[in-house]
Structures are given as C-alpha cells and as structure tokens.
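Inside the fold
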Amino acid sequence: TGTALYASQGYIEAQGAPKGLDDLAGHKFVVHAKEGSRAPHFQWLARAVDDGQIAFRTSDVRAAEAAVEAGMGLGFLTAGDMPESRGLVQVVPPMEAWSSGLWLVTHMDLHRTAKVQAVATFLKERLSCR
C-alpha cells in the first residue's frame, strides 16, 4: 500500500490520464485545504503543479475522495483502501517520496494505562512496527 494518484473514469474520459509525472500540465487536482501541508505527497504536489491547476481544496478526507470520484481532478488516496472498487483509476502508483511514517501519539497521563498499551501493541503487531 501507499499513497497513489487517482482519477475517476469520467475524468479520464474527459481529460485523459497523465502518462507519468512529466505529464501533469493541464490536469486539475484535489488537494488539502491547508497550504504547506506536512504530508510528503502534498509537499511534492506543491512543487510539481501550478496553483491554477488546483480545482478543489478541502481538509476533509471524505470530501476529497468525493471530489475525485465526481471527476473534479486527480487526487491522492491510500492505495490499500481499494479506490478501484469505487470506480477510480490509479494514474500514478505509490512513490517512495510520497510515503510517511505512522505516529501513534498518546496523552502523557494515559500512555501507560492498560487500554492504551493494548491498542498500541495491537497496532504495532498488525502494522509490523518496531
């Protein structure tokens, strides 16, 4: 899994699919509302496309997915969430430069409680974290 760039079938029929990272000119994008997002894929995108290519900004992941599904533009989705089952097409596969680690943050007063430790242990085992 990883973060990949997706488009709806309708978008591809209307605008075509990029043939790679060098073919993003003229395409529209769905992005995070906050400019300067720390997510590596949004940092990459900010360097790769012009502001005029941004069709929709949102801080809501579900709204971003809906905008991509509606054909508003290309957007980043997690490949492991099976976007293809919703009629979306992966136009650029996950890239190492777009990946980021997973952080589990807990309140310092609750970190050592049995419930929090049980969840942390479960997640570490399932996600193969060390």
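See the structure shown above.
Residues numbered from 1 in each chain as written. Predicted model: local features only at pLDDT ≥ 70, side-chain atom pairs only at ≥ 80, totals over all residues. Heavy atoms only, no water.

**Describing the overall build of the chain**
Within the chain, the secondary structure is distributed over four helices and five strands. Walking the chain from its N terminus toward its C terminus, one meets helices and strands in the order β-α-β-α-β-α-β-β-α. Counting over 130 residues, the chain shows a buried share of 32%. Residue pairs in contact within the chain that sit at least 24 positions apart in sequence constitute 70% of those at least 6 positions apart. Roughly 8,700 Å² of accessible area belongs to the chain as shown, and the carbon and sulfur atoms make up 53% of that amount. For the chain, the separation between the mean place of its 13 positive charges and that of its 14 negative charges on side chains is 9 Å. (Helix = DSSP H or I, 4+ residues; strand = E, 2+ residues; numbered from the N terminus. Buried < 20%, exposed > 50% of the residue type's maximum accessible area, 1.4 Å probe, protein only. Contact = heavy atoms within 4.5 Å. Areas by Shrake-Rupley, 256 points an atom, 1.4 Å probe, with all protein chains shown as cover. Lys, Arg positive; Asp, Glu negative; His and termini not counted. Charge placed at Lys NZ, Arg CZ, Asp CG, Glu CD.)

**Here we look at the packing of aromatic side chains**
Under the criterion given, the structure shown has three aromatic pairs. Each ring, one from Trp44 and one from Phe76, has its centre 6.5 Å from the other, and the planes form 85°; the classification is edge-to-face. Here Trp44 is found in helix 2 (residues 40-48), whereas its partner Phe76 is found in strand 4 (residues 74-78), with 32 residues between them in sequence. Comparing Trp44 with Phe76 shows no difference in burial state: the two are buried. (Phe/Tyr/Trp six-rings, centres within 6.5 Å; stacked < 30°, edge-to-face > 60°.)

**What about the side chain of Ser8?**
Its location among the elements puts Ser8 in strand 1 (residues 3-8). Under the relative-accessibility criterion, Ser8 is labelled buried at 5%. Not counting residues within four places of it along the chain, the set of residues in contact with Ser8 comprises Val68, Glu69, Gly71, Gly87 and Leu88.

**A word on the nonpolar core**
In this structure, Leu5, Phe29, Leu45, Leu74, Phe76 and Val91 are the most contacted members of the largest nonpolar core, which totals 17 residues. If you list the elements that add at least two residues to this core, you get strand 1, helix 1 (9-15), strand 2 (29-32), helix 2, strand 4 and strand 5 (88-92). Sequence-distant contacts of Phe29, that is, excluding residues within four places in its chain, are made with Leu5, Leu24, Leu45, Val49, Gln53, Ile54, Ala55, Phe56, Gly73 and Leu74. The next biggest cluster of nonpolar side chains, apart from the first, holds nine residues, and it includes Tyr6, Ala64, Ala67 and Val68. (Core = buried A, V, L, I, M, F, W, Y, C linked by side-chain atoms within 4.5 Å.)

**Quick word on the sheet that holds strand 2**
Pairing within the open sheet is mixed, and its five strands lie in the order 3-2-4-1-5. Unpaired on one side and paired on the other, strand 3 (54-58) and strand 5 mark the two borders of the sheet. The mean inter-strand angle of the sheet, taken between neighbouring strand axes irrespective of direction, is 45°. By the bridge criterion, four bridges tie strand 1 to strand 5 in an arrangement that is antiparallel. By the bridge assignment, Ala7 is partnered in strand 5 with Val89. Against the sheet, helix 2 engages strand 1, strand 2 and strand 4, with an angle of about 125° to strand 2. (Pairing = 2+ DSSP bridges. Axes fitted to C-alpha atoms, helices over the stretch in contact; angles between N-to-C directions.)

**Topic: the side chain of His27**
In this structure, His27 sits in the loop between helix 1 and strand 2. A residue is classified by how much of its surface remains accessible, and His27, at 6% relative accessible area, is buried. One polar contact links His27 to Tyr11, side chain to side chain, over a distance of 2.8 Å. Leaving out residues up to four positions away in the same chain, His27 has contacts with Tyr11, Gln15, Gly16, Ala17, Pro18, Gln53 and Leu74. (Polar contact = N/O pair within 3.5 Å; in protein donor to acceptor, adjacent residues only side chain to side chain.)

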